[in-house]
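Structural overview for review
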Amino acid sequence: MSVLEYEGSNFLRQRLILSTLSGKPVKIKKIRSSDENPGLHEFEANLLSLLDRLTNGTKIDISVTGTTLLYRPGILIGGTLDHDCNLERSIGYYLEVIICLAPFCKQAVSCTLTGITNDHADPTVDFLKGTNLPLMKLFGVGDDLELKINKRGASPGGGGEIYFHCPRVNKLRTLNFTEPGKVKNIRGVAYATRVSPQMPNRLVTSARGVLNGFIPDIYINTDHLKGAQSGKSPGFGIYLEARSTKDVILSAECNSLPKSENASVDPEELGKRAACALLEEIHSGGCVGSSSQYLAALFMALGEQDVGKVLFGPLTPYTIEFLRHIRDFLQVTFKLEAKTYSGDQMGQNIGSSKVLLTCVGVGFSNMSKTIR
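These lines cover the structure that appears in this document, whether it is placed above or below. Every chain's residues receive numbers from 1 upward, in the order its sequence appears when written. A pLDDT threshold of at least 70 governs which residues receive local features in this predicted model, and a stricter bar of 80 or more applies before side-chain atom pairs are shown or counted, although totals over entire chains, interfaces and linings include all residues. As a rule here, side-chain values cover all heavy atoms of the structure and leave hydrogens and water aside.

This part covers the sheet that holds strand 13 (residues 218–225). Pairing between sheet strands relies on hydrogen bonds along the backbone, with the strands arranged either parallel or antiparallel. Here the rule is simple: two strands pair whenever DSSP picks up at least two bridges between them. A helix here means a DSSP run of H or I that spans at least four residues, while a strand means a run of E at least two residues long, and both kinds are numbered starting from the N terminus. Read across the sheet, four strands follow the order 13-12-14-15 without closing on themselves; strand pairing throughout is mixed. Two strands close off the open sheet at either side, each with one partner strand: strand 13 and strand 15 (249–255). Averaged over neighbouring strand pairs, the angle between their axes works out to 15 degrees when direction is ignored. The pairing of strand 12 (residues 183–193) with strand 14 (residues 235–244) spans ten bridges and is classified as antiparallel. Each bridged residue has a counterpart across the sheet, and for Ala-192 the counterpart in strand 14 is Phe-236. Here helix 5 (residues 198–211) sits on the sheet and contacts strand 12, strand 13 and strand 14; the angle it forms with strand 13, its principal contact strand, is near 160 degrees. Note on definitions: angles span 0 to 180 degrees between N-to-C directions of axes, and those axes are lines fitted to C-alpha atoms, for helices only across the stretch in contact. Should any heavy atoms of two residues lie within 4.5 Å, those residues are counted as being in contact.

Here it is as structure tokens:
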């Protein structure tokens, strides 16, 4: 089988995910070849270790300098596994990969991941639980999908723990999701670990100060943890989601920076940032949030051989590159239509321009599924 070749360390996860699903080997060269610290970093090697445990028969060859990676995927097995995530990245970095692969494993995936649950660089576990899991259910992934936060761990010490369970599926459902509806309520959670218990309340008050002028139905839960459940480092943050009349979920989050970065920010400022980020996300609109566009595009491409349509907001650079990789690995191309709205039936502005993505799925079947 021919080997797809790429250069550079960018979009490594995209290439590994699509290689594993399509069964096509991939070779990545010149990984940080000109950096002071060339080659794969520890968190990337940790991700390869996780993929190796999630599959059977995967062959991973890394050059002596670490600047060249040859990945030959095996069969997705799944099952029960425990994994310690590298503290250079949060659990969300690894969980996004598992979410893409778990529905197509031979056995239902039940995994316990330990490390950093909330940081500013990657999607937090709250974001993935509130946004990506409902999106998976729209594509037909089972109702017993579960993501539970046992312990929270802020950067840089970590100490958090989550449990993720995903059932296996045979085929994904074709999705036609083109009506975003109107925002009916806002929900969220403000968390704090190893800091004053007043921090979550200050975050909530600040966020509500911005959002109360737009909608009255707002409920933000507070989650202050202490002792063994609070991890090893102090931190705080807030996650917000807006739900529409058509079951669209748009979300945003903000988290404090670790002390090592010497960039302290008070909770009032953080709450305002999160609220403004949510308003910006609502303005961008669409039926899928900007940070979940890649997952919707992947599941559309893997769906049954029927026409699927999903309305996106402005495409992110990450999504654009993912669409190119889908074309390379799965030979699926999307039709993109710009949708510009000057106003709705009530004459009100309904946000920025949208993009309607249309494609015919490859009819991907879970060949690893046990037949009884």
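This brings us to the packing of aromatic side chains. Stacked, tilted and edge-to-face are the three classes assigned to paired rings of Phe, Tyr and Trp, where Trp is represented by its six-membered ring and a pair needs centres within 6.5 Å; plane angles under 30 degrees give stacked, over 60 edge-to-face, the rest tilted. Tallied over the entire structure, the rule returns ten aromatic pairs. A centroid spacing of 6.1 Å and a plane angle of 50 degrees characterise the contact between Phe-11 and Tyr-318, whose relative ring orientation is tilted. Pair noted here: Phe-11 is in the loop between strand 1 (4–7) and helix 1 (12–22) and Tyr-318 is in helix 8 (residues 317–330), with a separation of 307 residues, a long-range link. Measuring from centroid to centroid gives 5.4 Å for Phe-43 and Tyr-93, while their planes differ by 80 degrees, and the two rings are edge-to-face. Of this pair, Phe-43 sits in helix 2 (residues 42–54) while Tyr-93 sits in helix 3 (residues 91–101), and the two are 50 residues apart along the sequence. In this structure, Phe-43 and Tyr-93 share a single accessibility class: buried. Site record: aromatic cluster; members linked through ring pairs are Phe-11, Tyr-294, Tyr-318 and Phe-322. Only when the NZ atom of a Lys or the CZ atom of an Arg is both within 6 Å of the ring centre and within 35 degrees of the ring normal do we say a charge sits over the ring. Between Arg-89 and the ring centre of Phe-43, over which it is positioned, the NZ or CZ distance is 5.2 Å. We call a residue buried when its accessible area falls under 20% of the maximum for its residue type, exposed when it is over 50%, and partly exposed in between, using a 1.4 Å probe and counting protein chains only.

This part is about the layout of surface pockets. Its boundaries defined by the atoms lining it, the second largest pocket holds a volume of some 670 Å³. A 1.4 Å probe that fits but cannot get out identifies a cavity on a 1 Å grid over protein atoms alone, an open set with protein on both sides within 12 Å along at least five of seven lines counts as a pocket, and a residue lines either if it has an atom within 4 Å of a point. If you trace the second largest pocket, you find 34 residues lining it, with Arg-13, Arg-89, Ala-121, Asp-122 and Pro-123 closest to the centre. Of all the secondary-structure elements, those providing two or more residues to the lining of the second largest pocket are helix 1, helix 2, helix 3, strand 15, helix 6 (267–284) and helix 8. The biggest single contributor to the lining of the second largest pocket is strand 15, with five residues. Grid points are joined across faces, edges and corners, and a volume is the space filled by probe spheres set on the points.

Moving on, we come to the side chain of His-165. Structurally, the position occupied by His-165 is in strand 10 (residues 160–166). In protein, a polar contact requires one atom able to donate a hydrogen and another able to accept it; more generally it is a pair of N or O atoms within 3.5 Å, and residues adjacent in sequence count only if both atoms are side-chain atoms. Among the polar contacts made by the side chain of His-165, one reaches the main-chain carbonyl oxygen of Val-109 at a distance of 3.4 Å.

With that settled, consider the sheet that holds strand 9 (residues 146–151). Across the sheet, four strands lie side by side as 7-8-10-9; this open sheet has mixed pairing. The open sheet has two edge strands with one neighbour each: strand 7 (78–84) and strand 9. Taken over all neighbouring pairs, the strand axes of this sheet differ in orientation by 10 degrees on average, direction set aside. When strand 8 (residues 107–115) meets strand 10, the two strands line up antiparallel, connected through seven bridges. Bridging across to strand 10, Thr-112 finds its partner in Tyr-163. Where helix 2 meets the sheet, it contacts strand 7 and strand 8, and its direction lies at approximately 155 degrees from that of strand 7. Lying over the sheet, helix 3 contacts strand 8, strand 9 and strand 10, oriented at roughly 175 degrees with respect to strand 8.

This part covers the nonpolar core. Here, the term nonpolar core denotes a set of buried Ala, Val, Leu, Ile, Met, Phe, Trp, Tyr and Cys residues that are joined through side-chain atoms within 4.5 Å. In this structure, Leu-95, Phe-164 and Phe-334 are the most contacted members of the largest nonpolar core, which totals 84 residues. For Leu-95, the contacting residues outside a window of four places in its chain are Leu-113, Val-125, Leu-128, Leu-147, Ile-162 and Phe-164. Met-199, Val-204, Ala-242 and Val-265 belong to the second-largest nonpolar core, a separate cluster that totals 22 residues.

Only one rule defines a salt bridge in this text: a Lys or Arg side-chain nitrogen within 4 Å of an Asp or Glu carboxyl oxygen. For the structure on display, the rule yields 14 salt bridges. Put simply, Glu-5 and Lys-29 hold a salt bridge, and the shortest N to O gap is 3.2 Å. Here the residue Glu-5 occupies a position in strand 1, and Lys-29 occupies one in strand 2 (residues 26–29), the gap between them amounting to 24 residues. On the basis of relative accessible area, Glu-5 is assigned to the partly exposed category, the value being 47%. The salt bridge involving Lys-30 is made with Glu-7; its shortest N-O contact spans 3.8 Å. One end of the pair, Lys-30, is in the loop between strand 2 and helix 2; the other, Glu-7, is in strand 1, and 23 residues separate them in sequence. Salt bridges here are not isolated pairs; linked through shared partners, they connect Asp-126, Arg-152 and Asp-223.

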